[in-house]
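This is what each chain is made of:
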Amino acid sequence: AQSVTQLDSHVSVSEGTPVLLRCNYSSSYSPSLFWYVQHPNKGLQLLLKYTSAATLVKGINGFEAEFKKSETSFHLTKPSAHMSDAAEYFCVVSVRDQGGKLIFGQGTELSVKP
Amino acid sequence: GAGVSQSPSNKVTEKGKDVELRCDPISGHTALYWYRQSLGQGLEFLIYFQGNSAPDKSGLPSDRFSAERTGGSVSTLTIQRTQQEDSAVYLCASSLIAGMNTGELFFGEGSRLTVL
């Protein structure tokens, strides 16, 4: 079975400092992994995706994530946080042969202090 | 339409009443998904449609929950005899074709259901 575990329910950083949101996955085959972002009172938006091409994936708004098979990790990073990055972030795995069904992690709330 | 549209955006109902939530997907998207987002529970898959058929209903919590899709477009999620634990945000998403594993689902802003 596929699953993802987000290691922090809440992360707080200062504006201009790096962001690290941690995610570990479990999959019996090479997974498709994604990060989605949800701003307050807004719909979910795809941030970036890994589908077995390059292991370092770049997304929107300066975010990137690196797929590390040896560590079963897919951590999300950004060199310098902006106030507008404050949101809920979800690590997601796609279930093969089940219609593209997505399994979401519990979410990490990112706070950015001025 | 330009995006996934859900209605109502907010619904307050009394315990025991039935509610219907509507989703209008992006035009041309054949796959449609329903998720539930509860406080502290993350996003929970409910059901997905490919066209008008629902190959996977495994996430529906009980037989009080049902969903249908007609004309390969609009979908309705119905909750009968609502309970307080049904209170959540119900999210709908669509994608071009199910099973592509591209992960790009386009989500609506959700219908917030409160059961008193």
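Keep in mind that what you see is a predicted model, and the values were worked out from it rather than measured.

1. Focus on the sheet that holds strand E3 (residues 19-24) of chain B
The strands making up a sheet associate through backbone hydrogen bonding, with each pair oriented either parallel or antiparallel.
All names here are of chain B.
Logical step 1: Strand order in the open sheet formed by four strands is E1-E3-E8-E7, with antiparallel pairing between adjacent strands. At either margin of the open sheet sits one strand with a lone partner, and together these are strand E1 (5-7) and strand E7 (65-69). Averaged over all adjacent pairs, the angle separating strand axes in this sheet is 15 degrees, with direction ignored.
Logical step 2: For E7 and strand E8 (residues 75-79), the ladder comprises five bridges, and the chain directions are antiparallel. Counted as the bridge partner of serine 66 is threonine 78 from E8.

2. Focus on the pattern of salt bridges
All names here are of chain B.
Logical step 1: With the rule as written, the count across this model stands at six salt bridges over all chains.
Logical step 2: Here glutamate 44 ties to arginine 36 by a salt bridge, and the two come within 3.0 Å at their closest N and O atoms.
Logical step 3: According to the relative accessible area criterion, glutamate 44 is partly exposed, its value standing at 29%.
Logical step 4: The partner of arginine 64 in a salt bridge is aspartate 86, and the shortest N-O contact between them spans 2.8 Å. Placement of arginine 64 in the loop between strand E6 (53-56) and E7 and of aspartate 86 in the loop between E8 and strand E9 (88-95) is noted, with a sequence separation of 22 residues between them. Pair check on accessibility: arginine 64 and aspartate 86 agree, each one buried.

3. Observations concerning unusual backbone geometry
Logical step 1: Cis peptide bonds are those with omega within 30 degrees of zero, and the linkage from serine 7 of chain B to proline 8 of chain B qualifies with -10 degrees.
Logical step 2: Counting through the fold element by element, proline 8 of chain B comes out in the loop between E1 and strand E2 (10-13).
Logical step 3: In the Ramachandran plot, threonine 72 of chain A falls in the positive-phi region, its phi being about 45 degrees despite a non-glycine side chain.
Logical step 4: In this fold, threonine 72 of chain A is placed in the loop between strand E8 (64-68) and strand E9 (73-78).
Logical step 5: Positive phi values are uncommon outside glycine, yet arginine 81 of chain B reaches one of about 45 degrees.
Logical step 6: Mapping arginine 81 of chain B onto the fold places it in the loop between E8 and E9.

Definitions and limits used
- Residues numbered from 1 in each chain as written.
- Chains lettered and ligands numbered in written order.
- Predicted model: local features only at pLDDT ≥ 70, side-chain atom pairs only at ≥ 80, totals over all residues.
- Heavy atoms only, no water.
- Pairing = 2+ DSSP bridges.
- Helix = DSSP H or I, 4+ residues; strand = E, 2+ residues; numbered from the N terminus.
- Axes fitted to C-alpha atoms, helices over the stretch in contact; angles between N-to-C directions.
- Salt bridge = Lys/Arg side-chain N within 4 Å of Asp/Glu carboxyl O.
- Buried < 20%, exposed > 50% of the residue type's maximum accessible area, 1.4 Å probe, protein only.

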